[in-house]
Amino acid sequence: MSVNVIFRMATIDDVEQVKQIDCSYDYEQYSKEMIRSSILNDVNILAILDDVIVGYVSASIVLDEAELLKIVVAKECRGMGIGKRLIQQLFEVLKVKNVTTVFLEVRKSNVVAKQMYLQLGFQKIFERKEYYDGDDAEVFKIEFGK
Ligand SMILES: CC(C)(COP(=O)(O)OP(=O)(O)OC[C@H]1O[C@@H](n2cnc3c(N)ncnc32)[C@H](O)[C@@H]1OP(=O)(O)O)[C@@H](O)C(=O)NCCC(=O)NCCS
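These figures come from a predicted structure and were not determined experimentally.

Novice: Just checking my understanding: could you explain the overall build of the chain for this structure?
Specialist: Looking only at helices and strands, one finds 4 helices and 7 strands in the chain. At 15 Å, the chain has a C-alpha radius of gyration in line with the 15 Å of a compact globule built from 146 residues. Projected onto its principal axes, the C-alpha positions of the chain cover 40 × 35 × 35 Å. Among the 146 residues that make up the chain, the fraction classed as buried is 27%. Considering only residue pairs separated by 6 or more positions, the chain has 58% of its internal contacts joining residues 24 or more positions apart.

See the structure below:
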């Protein structure tokens, strides 16, 4: 399904709305201060539908490597392709910043997110046993141009 979503970089004026979206994910919720700090220091891209923020992705960059820190889409807007498009938008921004490799960590039980990452070209590289409370972590990586 293709919806009329626009994408833009987050600013600190978006902290409240990003926090609301973040609350729709049960795990590793960020405080407003963490979101504010990430908006100032990392790459944060918003998905906007009818003037409302319906998703965001954030990633930190160190030299030519990035780590995808979080992606959340509002519950009522999932399954519409927004998550995938957010990551594609992120890739475009990271490439301009000369990033060549992106890593991320995901709960082993998070089947939906893992399926999305695989479809986008990420590959699982290793697992961290019991990394999350009662759940293993899987680390994924993508190298642009490979
Ligand atoms: C993970 C998440 C961001 C995906 O966003 P989304 O907008 O729903 O995803 P999309 O609609 O772009 O779908 C992307 C792919 O995910 C997979 N997917 C989506 N919904 C799925 C479902 N119900 N079951 C299985 N796979 C699913 C599919 O591979 C899909 O691609 P396809 O539609 O071409 O088959 C969203 O489910 C979410 O916010 N989850 C809670 C937060 C979270 O788990 N974040 C990741 C860890 S930080």
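Novice: Sorry if this is basic, but what is going on with the sheet that holds strand 4 (residues 65-73) here?
Specialist: In a beta sheet, neighbouring strands pair by backbone hydrogen bonds and run either parallel or antiparallel. An order of 1-2-3-4-5-7-6 is seen for the 7 strands of this open sheet, with the pairing classed as mixed. Both outer strands of the open sheet, strand 1 (6-9) and strand 6 (123-132), are each paired with one neighbouring strand and no more. Across the sheet, the mean angle from the axis of one strand to that of its neighbour is 25°, orientation sign disregarded. With 7 bridges joining them, strand 5 (residues 101-107) and strand 7 (residues 135-143) adopt antiparallel strand pairing. Along strand 7, the bridge assignment pairs R107 with A137. The strands touched by helix 1 (residues 15-22) are strand 3 (52-62) and strand 4; relative to strand 3, the strand with the most contacts, the crossing angle is about 95°.

Novice: Help me understand the pairing of strand 5 in this model?
Specialist: A regular strand places its side chains so that they alternate between the two faces of the sheet. Taking every second residue as pointing to the same face, the buried face of strand 5 carries V102, L104 and V106, while none of T101, F103, E105 and R107 on the other face is buried. Relative to strand 5, strand 4 is paired through 4 bridges, and the arrangement is parallel. When the sheet's bridge partners are listed, L68 is paired in strand 5 with L104. At this point the chain moves from strand 4, through helix 3 (residues 82-96), to the parallel strand 5, and the crossover so formed is right-handed.

Novice: Explain the nonpolar core here, please?
Specialist: In globular proteins that are soluble, nonpolar side chains generally tend to be buried together. Ranked by size, the top nonpolar core spans 31 residues in total, and within it I45, Y56, V57, L86 and L90 carry the most contacts. Looking at this core, the elements with two or more residues in it are helix 1, helix 2 (32-41), strand 2 (43-49), strand 3, strand 4, helix 3 and strand 5. Among residues more than four places away in sequence, those in contact with V57 are I45, L68, I71, L86, I87 and L90.

Novice: What's the story with the environment of E65 in this structure? I'm lost.
Specialist: Summarising the element assignment, E65 is placed in strand 4. Here E65 falls in the partly exposed class, since 15 other C-beta atoms lie within 10 Å of it. A C-alpha to C-alpha distance of 10 Å links E65 and K141, two positions 76 residues apart in sequence. In this view, E65 contacts V99, T101 and F103; residues no more than four positions away in its chain are not counted.

Novice: I'm lost on the packing of helix 1 against helix 2 in this one. Help?
Specialist: Two numbers describe a pair of packed helices, the interaxial angle and the distance between the axes. At a closest axis distance of 9 Å, the pairing of helix 1 and helix 2 adopts a crossing angle of 120°. Where helix 1 crosses over helix 2, the two elements pack in a sense that is right-handed. The segment helix 1 lies against helix 2, with V15, V18, K19 and D22 engaging K32, I35, R36 and I39. Counted by class, the contact of helix 1 with helix 2 contains 4 nonpolar, no polar and 4 charged residues.

Novice: Would you mind going over the site of the ligand with me for this structure?
Specialist: Neighbouring the ligand are 20 residues; R78, G83, K84, Q115 and M116 lie closest to it. Elements with a minimum of two residues in the shell around the ligand: strand 4, helix 3 and helix 4 (111-119). In terms of residue count, the dominant contributor to the shell around the ligand is helix 4 (6 residues). Its residues assigned to classes, the shell around the ligand shows 11 nonpolar, 6 polar and 3 charged.

Analysis parameters
- Residues numbered from 1 in each chain as written.
- Predicted model: local features only at pLDDT ≥ 70, side-chain atom pairs only at ≥ 80, totals over all residues.
- Helix = DSSP H or I, 4+ residues; strand = E, 2+ residues; numbered from the N terminus.
- Rg over C-alpha atoms; globule rule 2.2 N^0.38 Å.
- Buried ≥ 20, exposed ≤ 12 C-beta atoms within 10 Å, placed from the backbone.
- Contact = placed C-beta atoms within 7 Å.
- Pairing = 2+ DSSP bridges.
- Axes fitted to C-alpha atoms, helices over the stretch in contact; angles between N-to-C directions.
- Right-handed = clockwise from strand over helix to strand, strands pointing away.
- Core = buried A, V, L, I, M, F, W, Y, C linked by C-beta atoms within 7 Å.
- Left-handed = near helix turned anticlockwise from the far one by under 90°.
- Nonpolar A, V, L, I, M, F, W, Y, C, P; charged D, E, K, R; others polar.
- Near = placed C-beta within 6 Å.

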